[in-house]
Amino acid sequence: MTFPAGHEPPAFDPTVPNESRMHDYLLGGKDNFAADRQAAQQAIELAPELPVLAREGRKFLHRVVRFLAGAGVRQFLDIGTGLPTQGSVHQIAQAVAPDCRVVYVDNDPVVGVHAQAILNDDPLTTVVQADMRDSELIAGHPNLRKLIDLDQPTALLFFHVLYTIPEDDEVALSVARLGDLMAPGSYMAISHPVSDLCPEVTARIAHLYQQQTHVIRGEPRSNVRTRAEVERLFAGWDLVEPGVAYLTQWRPDHQAIEASRPIWSVGGVGRKPAPAQV
């Protein structure tokens, strides 16, 4: 498989921290190395709430996928899936509707190997190794074409991944290109850390991740995006209630909220409208 210049997947190096493996560690997983644990601990020293943020992010994912499957969506395209963990998109969606089909996309070859090993026995779930900026490669990949009909409504998911593209124009273009491939009636979900509540903390975290991981590439930025900047990524989509909200405020359920410290990540879901009649 070839990748356009500048979009090559990160090389596997267990001595260099990797964002997906750091996130796995924050969730209590075991698919990580000493370098990942060391970098994650450095991040926790800067922001002790990071493990809580990771868990609340997973709860948000659960609520969103249940909502979408309940709304009749049967096709899911999960961009930047990270390392497989308990309660992944296919498990949640298929618990609501067993015929749901899920395609995971990630440019990390380690993620691809892990995911494929887990999903080999599931004919309704597959993996595509690609960069999220390569919309044509993703849309034309035979693994995707085997399971998803892009002429039918699809859920396009960006859970905690868009911050790995520092440039605002590039992230907006990446989201728009993939969104343009979706049929009317499709949904798009985004979760993203924001700087509004704790700008000094998030600036230090942004610096740490940009300096230490292989995932975040491009011109460094001084802080993560704001809530308003995340909301603008939904341009052209109709936001479902309650719009772009802090994770614990997006359609909360009976699960306890671990919000002893600020939850500085937001999430939202938009629905693609039908084209305007001429």
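No experiment lies behind these values; they were computed from the predicted model shown.

A tally of helices and strands in the protein yields 10 helices and 8 strands. Sequence separation of 24 or more characterises 74% of the internal contacts of the protein that already satisfy a separation of 6 or more. Of the accessible surface of the protein, which amounts to about 12,400 Å², a share of 52% is contributed by carbon and sulfur atoms.

Before going further, it helps to spend a moment on the nonpolar core. L50, L68, F76, V89 and F159 are the most contacted members of the largest nonpolar core, which has 46 residues in total. Per-element tally for this core: the top contributor is helix α3 (residues 50-70), with 10 residues. Beyond its immediate sequence surroundings of up to four residues, V89 is in contact with L61, V65, F76, D78, V102, Y104, L157 and F159. With 32 residues, the next largest nonpolar core counts V105, M132, F158 and Y246 among its residues.

This part covers the side chain of D78. Topologically, D78 is positioned in strand β1 (residues 75-79). The side chain of D78 is buried and forms no salt bridge, while R58, the nearest opposite charge, is found at 6.8 Å. Excluding residues within four positions of it along the chain, D78 makes contact with V89, V103, Y104, V105, L157 and F159.

Moving on, we come to the packing of helix α1 (residues 19-26) against helix α2 (residues 34-46). At a minimum axis separation of 9 Å, α1 and α2 run at an interaxial angle of 65°. With respect to α2, the axis of α1 lies roughly perpendicular. When the axes of α1 and α2 are compared, the crossing they make is right-handed. Each of R21, M22, Y25 and L26 in α1 lies in contact with α2, whose residues at this interface are D36, R37, A39, A40, Q41 and I44.

Since one α-helical turn is 3.6 residues long, residues separated by three or four positions face the same way. When the terminal C-alpha atoms of α3 are compared, their 30 Å separation across 21 residues agrees well with the 30 Å that a helix rising 1.5 Å per residue should span. Taking burial as the measure, the 21 residues of α3 include 15 buried ones, the bulk of the element. Immediately downstream of α3, the backbone of G72 shows phi near 105°, a positive value.

Moving on: the environment of S186. Tracing the backbone shows S186 in the loop between α8 (168-181) and β5 (187-193). Given a relative accessible area of 0%, S186 falls into the buried group. In this structure, the C-alpha to C-alpha distance between S186 and L68, residues 118 residues apart in sequence, is 9.7 Å. A polar atom in the side chain of S186 sits 2.9 Å from the backbone nitrogen of T154.

What follows is about the pattern of salt bridges. Counted by the stated rule, this structure contains 8 salt bridges. With a shortest N-O distance of 2.7 Å, R21 and D36 are connected by a salt bridge. With R21 in helix α1 and D36 in helix α2, this pair connects stretches of sequence that are 15 residues apart. The exposure class assigned to R21 is buried, which follows from its relative accessible area of 4%.

Examined against the element boundaries, N223 turns out to sit in the loop between α9 (199-212) and α10 (227-232). Take N223: its relative accessible area is 14%, and that puts it in the buried class. Here the side chain of N223 touches T202 through a polar contact of 2.8 Å, side chain to side chain. Those residues in contact with N223, other than ones at most four positions away along the chain, are S195, P199, T202, A203 and A206.

On to the packing of aromatic side chains, then. Counting across every chain of the model gives 5 aromatic pairs. Taken together, a centroid distance of 6.1 Å and an interplanar angle of 85° make the contact between F67 and Y187 edge-to-face. One end of the pair, F67, is in helix α3; the other, Y187, is in strand β5, with 120 residues separating them in the sequence. By relative accessible area, which is 10% here, Y187 ends up buried. When the ring of F67 is compared with that of W250, the centres are 6.0 Å apart and the planes differ by 80°; the resulting orientation is edge-to-face. Of this pair, F67 sits in helix α3 while W250 sits in the loop between β7 (245-246) and β8 (265-271); the two residues are 183 residues apart in sequence, bridging distant segments of the chain. What links up through ring pairs into an aromatic cluster is the set F60, F67, F159, Y187 and W250.

Here we take up the pairing of strand β3 (residues 125-129). For β3, a buried count of 4 out of 5 residues is recorded, marking the element as mostly surrounded by other parts of the structure. In this sheet, β3 lies alongside strand β2 (residues 101-106) in parallel orientation, the contact comprising 5 bridges. Opposite Y104, over in β3, you have V127 as the bridge partner.

Basis of the calculations
Sequence order as written defines residue numbering, which begins from 1 separately in each chain. Where totals are concerned, whole chains, interfaces and linings use all residues; where local detail is concerned, this predicted model gives features only for residues with pLDDT of at least 70, and gives and counts side-chain atom pairs only at 80 or more. The basis for every side-chain value is the complete set of non-hydrogen atoms in the structure, without hydrogens or water. Per the convention used, a helix needs a DSSP run of H or I reaching at least four residues, while a strand needs a run of E reaching at least two, with both numbered from the N terminus. Any two residues having at least one pair of non-hydrogen atoms within 4.5 Å are treated as being in contact. All accessible-area figures derive from a Shrake-Rupley calculation using a 1.4 Å probe, and residue coverage is judged against the displayed protein chains alone. Residues grouped as a nonpolar core are buried Ala, Val, Leu, Ile, Met, Phe, Trp, Tyr and Cys residues, joined through side-chain atoms within 4.5 Å. The classification of residues rests on relative accessible area computed with a 1.4 Å probe and restricted to protein chains. Under 20% of the type maximum is buried, over 50% is exposed, and intermediate values are partly exposed. When charges are tallied, Lys and Arg are placed among the positive residues and Asp and Glu among the negative ones, while His and the ends of the chain are skipped. Each salt bridge in this description consists of a side-chain nitrogen of Lys or Arg and a carboxyl oxygen of Asp or Glu lying within 4 Å of one another. Only the stretch in contact is used when fitting a helix axis, every axis being a line fitted to C-alpha atoms; angles between N-to-C directions are given from 0 to 180 degrees. Here roughly perpendicular refers to angles of 65 to 115 degrees, roughly parallel to angles under 35, roughly antiparallel to angles over 145, and oblique to all remaining angles. The handedness criterion is simple: a crossing whose near helix is rotated anticlockwise from the far helix by less than a right angle is left-handed, and one whose near helix is rotated clockwise is right-handed. One fewer than the residue count of a helix, multiplied by 1.5 Å, yields its expected span. Distance and chemistry together define a polar contact, namely a pair of N or O atoms within 3.5 Å, with one atom able to donate a hydrogen and the other to accept it when in protein, and with adjacent residues in sequence counting only for side-chain atoms on both sides. The criterion for an aromatic pair is that two Phe, Tyr or Trp rings (for Trp, the six-membered ring) have centres within 6.5 Å, with stacked assigned to planes under 30 degrees apart, edge-to-face to planes over 60 apart and tilted to the rest. Here the rule is simple: two strands pair whenever DSSP picks up at least two bridges between them.

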